[in-house]
Structures are given as C-alpha cells and as structure tokens.
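The primary structure of each chain is shown beneath.
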Amino acid sequence: MKRLRKFKNVEDLRKTIQQQEATRQQETKKVITVSSGTCGQARGSQKVIEALKKAIKAEGLKDQVILRITGCHGFCEAEPNLIIYPDRIFYQKLTPEDVRTIVQETIKDGRVVEKYLYRDPRTKERAWYENEIQFYQKQKRIVLGDNVFVDPTSLLDYLAIGGFKPFLKALTEFHPEEIIQTVKKSGLRGRGGAGFPTGVKWEATRRSPGDIKYIICNGDEGDPGAYMDRSVLEGNPFRVLEGMMIGALAIGAREGFIYVRDEYPLAVRHVTQAVDQLYRTGLLGKNILGTEFSFDLHISKGAGAFVCGEETALIASIEGRVGEPRQRPPFPAQKGLWKKPTCINNVETWANIPLIIQNGAEWFSSIGTAGSKGTKIFSLVGKINNTGLVEVPMGITLREIIYDIGGGIPEGKAFKAVQTGGPSGGCLPASLLDLPIDYESLTAAGSIMGSGGMIVMDEKTCMVDVAMYFLNFLRDESCGKCISCREGTQRMWEIVKDISEGKGKPGDLELLEELALATKDASMCGLGQTAANPVLSTLRYFREEFEAHIYEKRCPAGVCKSLIRYVVIPEKCTGCEACKRACPTQAIQGTRKDVHLILYDKCIKCGACLEACRFEAIEAQRDEAIIIDKEVRL
Amino acid sequence: MITMKINGVEVKAEEGWTILETAQFYGLEIPTLCHHEGLSPYGACRLCLVEIGEGAKAKLVSSCTYPAEEGLIVHTDTRRVIKARRMMIELMLSVAPYSKVIQDLASKFGVTRMRFTIRNEECILCGLCIRMCAEQMDGKAIGFQNRGYQRKISTPFDIRSEECRLCGGCIYICPACQLRCQGPQAETALCNACLTMDPTCLDYYDELQCWMYDAGRCGTCVREKK
C-alpha cells in the first residue's frame, strides 16, 4: 500500500481525488476483483486469493494485472467469485485449483472458461458477464455497487471512485442548514427499521440546545439471516464514515461513535483501519483540512445483544451500562449519549448520505415510491436459488425480488411465505407477493421493513415451527425489563411449543392472540412492541395450519417432530441404501435392491433419510400412534 | 406549569413530573408495583399503563416513566388499558401466585382466569429491591443477571456480597414476596376470594374496615370464614 500523507487543505484533497480518479480511468491493466467479505472467506476466498497470487506470479503477469480484494459483491450463492475487468467476466464458485486455469486462459489468452461461468438455474444458460446475470439485472445498487471497485482497506481506492467529493462539497459549498434541507428533501428515511425521516432527526438534534452533540452509527445488526450492515461496513467503510462526517457537519457534532458488534471481526477490522487512515491523512481530528471543523470518531464494540440495536439501549451500552432501553421521550435527539443531544442512524442510512449530497435530493427522491425514497438492501436468504444481498428501489414487489432476482425456489418447490424484518417482522403469504415494498405497505400487511432481512420459505416449512423459532429467539433476546415482553414472549413460546408438540388445546389460539396483542401494546421499546409480529402474522395468514396442529394433531408440512413419523413408500423405494447410510441411529433396515423399512423405536426423526433419498420414497406422515395416545389423554 | 388533560379533566403539572405523579397529585389512582416515590422510575411492571394521544396515534405508555408534556391527552382506564393491565396481572400471577399483593390486584381488576403454567418464582423482577439497595442504601449489592427469560436478581457471582450490610431494605420494599395470601383458596393459582367476600367486620364494628383495594388486609373476615 502506498504511504498515506496528511492532506494540507481542501485543495490538496481535491487534487488527490482528481489524480486518483484519472489514474483509475486511464487504467489499461486487467483487474481481477475477488469478493472476500466474511461470507466469501467462509467459503474459501482467502485460499483462492493465495492461489491467484501464486498463479499470477508463476505466469509472470505481475505487471499486467491488478488484484483487488474487495468486500462482499452480494451474490453469496456464487461465492467465492471474481470479476475480471474491464470485460466484467464473472466466474463463480471457485476453488484454489480452478484459479490456474483462469489465469492462463482468461488473463493470458483472453478466452473465457465456460465451466466457471454462472449458470441460470431456470434457463440453464451460462452468463458471461456480470451484468448478464439475472440476479444483478433488476437491482439498483447505489450503495452496494461500489463494493466491487474499492479495496475496503485503502483510502486511495475510495478516493479513486470519487470518494470524499461529497464531503468536500458539503464542507465548502453548503451551510449546515442546507445539508439538512437536502437530506430532508431527498426523503431519506431511517434504514434501521422504523423509517423515521432522517432529515427531521438531524434537524431536531441540531436545534437541541447544548454545545456538545454526538452522532452514532448503529451497526448492531442482530437479526438472524440479515447481514446488510456488515457487508456495507466490510466492503465500503469509508462511505459510512464520510456519511457520518457530513452528518457531523450538519448537526454540529464534534464526536461520533460507531457501534459495531464484535461478532463481525472483519467489519471491526476494516472500520478500525479506515478510521486510522482518516486520522493519518488529517480527515479526522482537529481542524480538518485547515478548516474550523473538528471531528473525532470512536469505535464501540457491542457484545452481541439483539436489544442493543434499540437506540436507547445502544446508548446505554456505549455509556458502559446494561443494554436496556428506556422510556422515550426524552428522545436521543434531546437527551442521548451522556444526556447530550445525539443523532443515531443506521449504517445503511449513513452510507446513503454522500450519494444524496453528491447527486442531489431530486436524484434520490426520483427513486422509490411516494412515501419511501431511494433503495433498500435486503438479505435474501432461505429457500431461494440466488441467496445474497439485493439492493432494490423501494416499491419493487416481493415477486420481483423472489422470482426475478432470487431466481425462485430451489428444486421446483412451491413458495409458501416470506419473512421480512427479522425476528420482529412477519410472514407474508403468496397472496401478498405483488405487494410493493415500502415502509407503510409492509406495516399494513402485519410485517415490518426492519433492517432488511428477507427469509424465503417453501412448502416444506411449518409456520408453527417458524413462529416457535422466532419466539425462542425473542424470549432469549428480550432484555427482560418489561414483564409484558419478558413473560409475554416466554408464554407465547410455551403455547406455540405445546401446539407443535401436539399438546395444543382449544382456546390456545385465542389466548395466544390476546397475549400477543397485550405484549405489543404494553411493552416499552421496539423489541417488545414488535415481538408479537411473528405470532400475529402467522396466525393471520396461516391460521388453518395452527388449527391442524391443535385439532387434528397433524403438521401439514411434515416438520414438527412430535406429530410425524417417517415412512418408506414401497412403490418408490429402489433399495439404494442411501437412507440407510445416512441414518445416524441405524433405524433403517433392508438389503440392497429391496424395499427398506424404518424402525420406529430407533428413529429419532432427524430427517437425514428424507434428505438423502433421491426418489422421494421417504415421506413424513402423521403419526397415528402418538395421536391416539394424545386423544386418550385429552 | 404544564397543562394537560387526564380523563377529560384539565390538570396542571410541574416541570419534571411524570404522568403518574400528576395523576396521584390529583387523586387519580393508577396501580403500580415497581414505582416508589423515593426511587428512580423504572417502568418494569407495566401496570401503570395509560393511553396517550387520540385516534390512530393513541398508544399505551407506562405513566411512571412518561414525562408530563404540554397538551398531552391521557386516559387512565380505557378498554385497551384495562385489557393490557389484566394480561400483565395474569402474567405476574403465573410466576408469583402466592403473593397477596398480586392476588389482590387480580381480584380488584377482575382477573378471573389464569391460563398459564405456574412457575412459582415469587419474583416479578420489578427491580425495586435493586434500586432500593443502590439508591437509598448505597449498597449496590444486588443486581439483575442475564436477560430475557433467564433474568433473575442476585448478587455478583451468586455469592454473598461484601457490599451487603443485611439492612433488609430489599425485603422491606418487595411488593411480591413478603405477604402471603391468606384467603381460603390461597393454595390455588387464582384465589379471587376477595371478589366475592362478604365483609364480616360489620358484625364487629360500626364501620366497614376495608375497601376493595385493601380487602382482607386486616384478615378479620377471612379468618371468620375459615
């Protein structure tokens, strides 16, 4: 890495940005971009990078290619992947062994290696280039898109894509009030979930009396299956920091905190390095670029409590107290960190700020719907072909995300529900697939935008089981202050657990509903107020499934272990012994080419046989024995 | 002075008062278990819920922590409030069924069913003892441990704390654990005896000795019934 020097003044920085941009544009070398966020690394990107370095060296191409190790490209399904610029050839699911071929064929000889290209699961066609891939086509990647072009550990790389131009613009051309007006006009709303207008929050903090003000970046992302904030912090930390610096200018804050969970070691490392580089270049600290503006940034590591994503709990956590929410008002904008006016925004919100300043409020508000502007990043996970981070304009329908971008449900199964908004969100059924996504429509449908988790479920998912899973998460993550939330989630979990075990009784659903509404109404913070959503939304859209569990002691999806047993369908069984090998308890009997049999006293219902069977010869059926037993007891 | 409306009546509150304090000043009764004048407000028991605002924006807040605000519209006993309050009592009853205070609340607010499995923990985690110890006794010997359903009150590392002077402040202030329900059905989860009680004190005194909210405190009628 080039040694960084201190920028003397505004002109100096401006010149460096121009230089970097020019160098980037005139670049003639081929650039190999390897996605290496946490997810990429988990799937072996580091080994691929090592192999790549070796191969480049071995082929003597060291001066002809640039290897850029970036954050997440968003396409998790295809990790580890690389894109070769300027052609934008996209290779996916690589192993260290594949790399040599790629370097020899594509880099040296300019030929595309077909077998590493992305293959559309539906059309079975190979896509040569990144922009041909359906996953990327319908997205509008204004925040995530730059991840591909920057090495997150290099400030110069960030400057080369026009980084810190927005900051310079805000510093030299804008009055703080003008910045706030621009953000207000853009219609940007908090990306953390509640969707409070960002500009209004900034204005309130600015107007609050007091000399000392703080800004906080909320990177405490705790939803199961959600990792938008992590990827932004990992892939483009400077964008978030720049957003915070612009926010500090506008609000009049001199100190800021980045609250990031310690379970994101790579994000912590990249942000720490970024802050360090900004200090070294004089972009943070006292009298930045020789102006009056001074700003300090601290990194505060969270210990992984879900509730600390709630702003007052987060503030308590930074102060060193137990992460417990408190009553608002006073709002953090009035009395926040150490009782000083504090503006707290989500990672994604901060990352949007430089774009708004650079491109103007009109540009931003031209994207999205009447009430919700801009784009939103969702982490599309679960039973979906193209798992990954998708950034889409507000107002896009669920169908477009799931079928066009996500590529539909694997193995030709039917779509059942999509869970949005993390554990406090709700499950939306197939009838709502054409729902345009924005803050209001999701709330009206009984879910929330949340920070952007999107879990797709297929027909083999039991909604009682889903509700139980989320309740189990919430009863564990509730801080326990309000009895409504602590006992409410616990009791709801107990009831749903009983239902899933076939112990449900008439009246359970009514009690569940009553309790859910009370929990929603009586709790103090957002966690408790939304804790009932998994129950209420599943009850609203999948009530018959709950009823089947209670009255018929039947799990329609064949998931709830207490209500099913696995049986071999003799007509379909080929006697291949695949299930027999998969069974951990030797509960399957049968010789080769003979119909197998499951011994029920040995079967622990793990479902391994079901997964192993390629002929759909194993089925989860209603367990008659247990039902009779239960009915007698009832 | 802050002017606001509680139950349709215009009231004035001093700067810094909470809704609960204002209501109490005007003699309006709002039930609460985790609030104490001498301690900082906490908002854990959710009994002091009131409805603020009007129409679609109306919401429930704990009056012990919500500051009195100019022009605020408060209703202390709407259907929504009562419903939530009853559920809170039912939840508390399910963890501390032998507490007389909670049994009395159940009777008073018409909680006639207890539909949850009993977990006899005798503690509703209102946090009064912790605040008493820290704020009045300057001890900080006890505190909350864990979170969510595993939350409990204990000393650090579950061993006897050196900070503890055995002053008994925590026991003194506990609303749940000290008084045992003495009613005829005290052994069941929901006694409700006070609900149908025929006060026998009139046989002995010229004046009724207790009202609903103090029912059975003297214990006379209950003993007589036995």
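Residues numbered from 1 in each chain as written. Chains lettered and ligands numbered in written order. Predicted model: local features only at pLDDT ≥ 70, side-chain atom pairs only at ≥ 80, totals over all residues.

**Describing the overall build of chain B**
Item 1. Scanning chain B for helices and strands turns up six helices and seven strands.
Item 2. What you see in chain B, going N to C, is helices and strands ordered as β-β-α-β-β-β-α-α-α-β-β-α-α.
Item 3. For chain B, the residues scored as buried account for 38% of the 226 residues in total.
Item 4. Within chain B, counting contacts between residues at least 6 apart in sequence, those at least 24 apart form 55% of the total. (Helix = DSSP H or I, 4+ residues; strand = E, 2+ residues; numbered from the N terminus. Buried ≥ 20, exposed ≤ 12 C-beta atoms within 10 Å, placed from the backbone. Contact = placed C-beta atoms within 7 Å.)

**Focus: the environment of A:Thr172**
Item 1. In this structure, A:Thr172 sits in helix H7 (residues 165-172).
Item 2. With 11 C-beta atoms packed within 10 Å, A:Thr172 lands in the exposed category.

**Things to note about the confidence of the model for chain B**
Residues and elements named next belong to chain B.
Item 1. Looking at chain B, the pLDDT average stands at 84 and 80% of residues meet or exceed 70.
Item 2. The low-confidence segment residues 222-226, where pLDDT is below 50, has six contacts with residues more than four positions distant or belonging to other chains.
Item 3. Here the complex is predicted with pTM 0.90, and the ipTM for its interfaces comes to 0.88. (pLDDT = per-residue confidence, 0-100.)

**Examining the environment of A:Glu242**
Residue and element names in this part refer to chain A.
Item 1. Relative to the assigned elements, Glu-242 resides in helix H11 (residues 237-251).
Item 2. Since 27 C-beta atoms lie within 10 Å of it, Glu-242 is described here as buried.
Item 3. Residues Glu-242 and Gly-163, 79 residues apart in the sequence, show an inter-C-alpha distance of 8.2 Å.

**Section: the nonpolar core**
Item 1. If you look at the biggest cluster of nonpolar residues, it comprises 244 residues, and the most contacted ones within it are B:Met92 and B:Ile124.
Item 2. When residues in this core are grouped by element, the largest group, 10 residues, is from H11(A).
Item 3. Beyond its immediate chain neighbours, meaning those up to four positions away, B:Ile124 contacts A:Ile483, B:Leu33, B:Cys45, B:Met92, B:Val95, B:Ala96 and B:Ala176. (Core = buried A, V, L, I, M, F, W, Y, C linked by C-beta atoms within 7 Å.)

**As for the confidence of the model for chain A**
Item 1. Across chain A, pLDDT averages 90, with 98% of residues at or above 70.
Item 2. Every residue in residues 627-634 of chain A is under pLDDT 50, and counting partners more than four places away or in other chains gives four contacts.

**A few points about the domain arrangement of chain B**
Item 1. Domain annotation for chain B reports domain 1 (2-77), domain 2 (82-120 + 179-225) and domain 3 (128-173).
Item 2. Facing the six residues of domain 1 of chain B at the interface are five residues of domain 2 of chain B. (Domains from an automatic or database assignment.)

**A few points about helix H3 (residues 45-58) of chain A**
Residue and element names in this part refer to chain A.
Item 1. In this model H3 runs 20 Å from its N-terminal to its C-terminal C-alpha over 14 residues, within 8% of the 20 Å that 1.5 Å per residue would give.
Item 2. Turning to H3, its buried residues number three or more, namely Ser-45, Val-48, Ile-49, Ala-51, Leu-52 and Ile-56. Mapping the buried residues of H3 onto a view down its axis gives an arc of 165°, with all of them on the same face. The exposed set on the far side of H3, more than 90 degrees from its buried face, consists of Glu-50, Lys-57 and Ala-58. (Expected span 1.5 Å × (residues − 1). Arc of directions from axis to C-beta.)

**Details of the sheet that holds strand E4 (residues 59-62) of chain B**
Residues and elements named next belong to chain B.
Item 1. Here five strands make up an open sheet; going across it, the order is E2-E1-E5-E3-E4 and the pairing mixed. Across the chains shown, the open sheet's two edge strands, defined by having one partner strand only, are strand E2 (9-13) and E4. Going from strand to strand, the sheet's axes swing by 40° on average, the running direction of each strand aside.
Item 2. Its contacts with the sheet place helix H2 (residues 79-95) against strand E3 (49-52) and E4, and it is angled at close to 155° to E3. (Pairing = 2+ DSSP bridges. Axes fitted to C-alpha atoms, helices over the stretch in contact; angles between N-to-C directions.)

**As for the packing of helix H20 (residues 508-522) of chain A against H2(B)**
Helix-helix packing: each pair is described by the crossing angle between the helix axes and the interaxial distance.
Item 1. Viewed as axis vectors pointing N to C, H20(A) and H2(B) meet at an angle of 110°, and their least axial separation amounts to 9 Å. One way to sum up the angle between H20(A) and H2(B) is to call them roughly perpendicular. Contacts between H20(A) and H2(B) pair A:Glu514, A:Leu515, A:Ala518, A:Asp521 and A:Ala522 from the former with B:Arg80, B:Lys83, B:Ala84, B:Met87 and B:Met88 from the latter.
Item 2. Within the contact of H20(A) with H2(B), the residues separate by chemical class into six nonpolar, no polar and four charged. (Parallel < 35°, antiparallel > 145°, perpendicular 65-115°, else oblique. Nonpolar A, V, L, I, M, F, W, Y, C, P; charged D, E, K, R; others polar.)

**Some remarks on unusual backbone geometry**
All names here are of chain A.
Item 1. Following Glu-79, the chain continues to Pro-80 via a peptide bond in cis, the omega torsion being -15°.
Item 2. Mapped onto the elements of the fold, Pro-80 is located in the loop between strand E2 (65-70) and strand E3 (82-85).
Item 3. Geometrically, the link from Arg-328 to Pro-329 is a cis peptide bond, its omega value of -5° lying close to zero.
Item 4. Along the polypeptide, Pro-329 turns up in the loop between helix H13 (311-319) and strand E10 (342-346).
Item 5. The phi dihedral of Arg-88 falls on the positive side, at around 65°, and the residue is not glycine.
Item 6. Along the polypeptide, Arg-88 turns up in the loop between E3 and strand E4 (89-91).
Item 7. On the basis of neighbour count, Arg-88 is assigned to the partly exposed category, with 14 C-beta atoms found within 10 Å.
Item 8. One non-glycine residue, Lys-553, adopts positive backbone phi at about 50°.
Item 9. Mapped onto the elements of the fold, Lys-553 is located in the loop between helix H22 (533-551) and strand E16 (564-568).

**Considering the sheet that holds E2(A)**
Residue and element names in this part refer to chain A.
Item 1. The strand order across the open sheet built from four strands is E2-E1-E3-E4, with neighbouring strands paired in mixed fashion. Either end of the sheet is taken by a strand with one partner, and the two such strands are E2 and E4. When the angles between neighbouring strand axes are averaged without regard to direction, this sheet yields 20°.
Item 2. Where strand E1 (residues 30-35) and E3 come together, four bridges link them in antiparallel fashion. Among the inter-strand pairings, Val-34 is bridged to a residue of E3, identified as Leu-82.

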